[in-house]
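Each chain, letter by letter, is given below.
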Amino acid sequence: MGKDLEPCCEACKQFGDGHVTEERDAPALLPTTAWLVVTRGNQVIREVPLQRGITTIGRGRDATVQLDDIALSRRQCHFDVGDSITITDDHSTCGTYLDGRKISSAIVREGSWMLVGNCYMRIVSR
C-alpha cells in the first residue's frame, strides 16, 4: 500500500480494492424511519417506507410507488432521500404541490402535505 492510496470509505478508513461494507450492500433507512403515507379522501391507500435514494411516484408501471389515479402522470414526481428528503416534480401535467404551493423541487419536512393528482401524501417517522 502506497502513501498515495485513498481510503475506500469514510466509515472504515481501510485501503484496498474490492472492500465492501454492509452499509453499501443494504439500502439504508434514515436514522428515524421515514414513511410516505398516501391518502385519498379520508382513506389511507398506501404506506411506504422511504429508503435512501430515489423513490418515484406515478401511475406508470415503472414507478416505485404506483397509484391508480387518472389525474397522475405516469411519472409524477420523485423523492430523493439522503440527509434530507427532497420532492421533485417530473414535468407532470397537473403539477406537484407542497403545503398548497406548486413546486418544481423542495425539501420536505415531517408533517408537510403534498398533493399529486387526487392523492395527498405526507412524511411521518415511526
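Residues numbered from 1 in each chain as written. Predicted model: local features only at pLDDT ≥ 70, side-chain atom pairs only at ≥ 80, totals over all residues. Heavy atoms only, no water.

1. Comments concerning the side chain of Gln76
Piece 1. Here Gln76 is to be found in the loop between strand S4 (65-66) and strand S5 (77-81).
Piece 2. On the basis of relative accessibility, which here comes to 0%, the residue Gln76 falls in the buried class.
Piece 3. A distance of 3.0 Å separates the side chain of Gln76 from the backbone nitrogen of Ser73, its partner in a polar contact.
Piece 4. Within the structure, Gln76 has its side chain in polar contact with the side chain of Ser92 (distance 3.0 Å).
Piece 5. Setting aside residues no more than four positions away along its own chain, Gln76 makes contact with Ile57, Gly58, Ala71, Asp89, Asp90, Ser92, Gly95, Thr96 and Val116. (Helix = DSSP H or I, 4+ residues; strand = E, 2+ residues; numbered from the N terminus. Buried < 20%, exposed > 50% of the residue type's maximum accessible area, 1.4 Å probe, protein only. Polar contact = N/O pair within 3.5 Å; in protein donor to acceptor, adjacent residues only side chain to side chain. Contact = heavy atoms within 4.5 Å.)

2. Description of the confidence of the model for the protein
Piece 1. Considering every residue of the protein, the mean pLDDT works out to 82; 75% of them sit at 70 or more.
Piece 2. Within the protein, the lowest mean pLDDT, 41, falls on helix H1 (residues 22-25), and the highest, 98, falls on strand S7 (residues 96-98).
Piece 3. Low pLDDT, under 50, characterises residues 1-29; the stretch is placed with 22 contacts to residues that sit more than four places away or in other chains. (pLDDT = per-residue confidence, 0-100.)

3. Considerations on the pattern of salt bridges
Piece 1. All told, the structure shown has three salt bridges when counted by the stated rule.
Piece 2. Notably, a salt bridge pairs Glu47 with Arg126, separated by 2.6 Å at the nearest N-O pair. Linking Glu47 in strand S2 (residues 43-51) with Arg126 in the segment after strand S11 (119-125), this pair joins segments that are 79 residues apart in sequence.
Piece 3. Residue Arg126 is classed as exposed on the basis of its relative accessible area, which comes to 53%.
Piece 4. The partner of Asp83 in a salt bridge is Arg52, with the nearest N and O atoms 4.0 Å apart. Pair noted here: Asp83 is in the loop between S5 and strand S6 (85-89) and Arg52 is in the loop between S2 and strand S3 (53-58), with a separation of 31 residues, a long-range link. (Salt bridge = Lys/Arg side-chain N within 4 Å of Asp/Glu carboxyl O.)

4. Quick notes on the sheet that holds S3
Piece 1. If you walk across this open sheet you meet the five strands as S4-S3-S5-S6-S9, and the pairing is mixed. Unpaired on one side and paired on the other, S4 and strand S9 (105-108) mark the two borders of the sheet.
Piece 2. In this structure, S5 lies alongside S6, joined through five bridges in antiparallel fashion. Its bridge partner being in S6, Val81 is matched across the sheet by Ile85. (Pairing = 2+ DSSP bridges.)

5. Some thoughts on the environment of Ser125
Piece 1. With respect to the secondary-structure elements, Ser125 resides in strand S11.
Piece 2. Placed 75 residues apart in sequence, Ser125 and Leu50 show a C-alpha to C-alpha distance of 9.9 Å.
Piece 3. Polar contacts involving the side chain of Ser125 include one to the side chain of Glu110, which spans 3.2 Å.

6. Details of the nonpolar core
Piece 1. Ranked by size, the top nonpolar core spans 23 residues in total, and within it Phe79, Met121 and Ile123 carry the most contacts.
Piece 2. Taken together, the elements giving at least two residues each to this core come down to strand S1 (29-40), S2, S5, S6, S9, strand S10 (113-116) and S11.
Piece 3. With residues up to four places along the chain from it excluded, the contact list for Met121 reads Leu36, Val37, Val38, Ile57, Cys77, Phe79, Ile87, Ser112, Trp113, Met114 and Val116. (Core = buried A, V, L, I, M, F, W, Y, C linked by side-chain atoms within 4.5 Å.)

7. Points about the side chain of Asp89
Piece 1. Inspection of the secondary structure assignment puts Asp89 in strand S6.
Piece 2. The buried charged residue Asp89 lacks any salt bridge, with Lys102 as its nearest oppositely charged partner at 7.0 Å.
Piece 3. A distance of 2.6 Å separates polar atoms of two side chains, one belonging to Asp89 and the other to Ser92.
Piece 4. Setting aside chain neighbours within four positions, we find Asp89 in contact with Gln76, Cys77, Gly95, Thr96, Ile103 and Ser104. (Lys, Arg positive; Asp, Glu negative; His and termini not counted.)

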